[in-house]
Amino acid sequence: PPYRAAIAAGVDAVMCAYTPFDAEDATFSRFLCRTVLRGALDFRGLLMTDWQTIRSAERYGISSGPRESARRA
């Protein structure tokens, strides 16, 4: 609901959560980023993440290295 309200109010950018969703980091979730945010909520603005999220993915076992992290993000 907070994202829906912010998008309806005309926000230009949203930031990914750091938390896991359905056993996957929210930053790398196609379901959250594309299906929900871009599809169901029709958000067309900037979707961003923290500067360390992509690099940290390997350390937390989410990806095999920086290239995979960048591709998935």
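Everything in this summary refers to the structure shown in the same document. (Residues numbered from 1 in each chain as written. Predicted model: local features only at pLDDT ≥ 70, side-chain atom pairs only at ≥ 80, totals over all residues. Heavy atoms only, no water.)

### Looking at the pattern of salt bridges
Alright, step 1. Applying the stated criterion across every chain yields a total of two salt bridges.
Alright, step 2. With a shortest N-O distance of 2.9 Å, E24 and R72 are connected by a salt bridge. Of this pair, E24 sits in strand β3 (residues 24-25) while R72 sits in helix α4 (residues 66-72), placing them 48 residues apart in sequence.
Alright, step 3. Here E24 falls in the partly exposed class, since its relative accessible area comes to 26%.
Alright, step 4. Exposure remark for R72: the relative accessible area of 24% places this residue in the partly exposed category.
Alright, step 5. The salt bridge involving D42 is made with R44; its shortest N-O contact spans 2.7 Å.
Alright, step 6. We classify R44 as exposed; its relative accessible area is 60%. (Salt bridge = Lys/Arg side-chain N within 4 Å of Asp/Glu carboxyl O. Helix = DSSP H or I, 4+ residues; strand = E, 2+ residues; numbered from the N terminus. Buried < 20%, exposed > 50% of the residue type's maximum accessible area, 1.4 Å probe, protein only.)

### Concerning the nonpolar core
Alright, step 1. Counting residues in hydrophobic clusters, the biggest one holds five residues: I7, V14, L37, L41 and F43.
Alright, step 2. Each residue touching L41, except ones within four places of it in the same chain, is listed here: Y3, R4, I7 and V36. (Core = buried A, V, L, I, M, F, W, Y, C linked by side-chain atoms within 4.5 Å. Contact = heavy atoms within 4.5 Å.)

### Description of unusual backbone geometry
Alright, step 1. One non-glycine residue, D42, lies in positive phi territory at about 55 degrees.
Alright, step 2. By the secondary structure assignment, D42 is in the loop between α2 (30-40) and β4 (46-48).

### Focus on the side chain of S29
Alright, step 1. Along the chain, S29 turns up in the loop between β3 and α2.
Alright, step 2. Engagement of the side chain of S29 in a polar contact is seen with the backbone nitrogen of L32, the distance being 3.0 Å.
Alright, step 3. Those residues in contact with S29 that sit more than four places away from it in its chain are E24 and R34. (Polar contact = N/O pair within 3.5 Å; in protein donor to acceptor, adjacent residues only side chain to side chain.)

### Description of the environment of R44
Alright, step 1. Structurally, R44 is set in the loop between α2 and β4.
Alright, step 2. C-alpha separation for the pair R44 and D12, spaced 32 residues apart in sequence, amounts to 8.0 Å.
Alright, step 3. Within polar-contact distance, the side chain of R44 engages the backbone oxygen of R38 at 3.0 Å.
Alright, step 4. In this structure the side chain of R44 is engaged in a polar contact, spanning 2.7 Å, whose partner is the side chain of D42.

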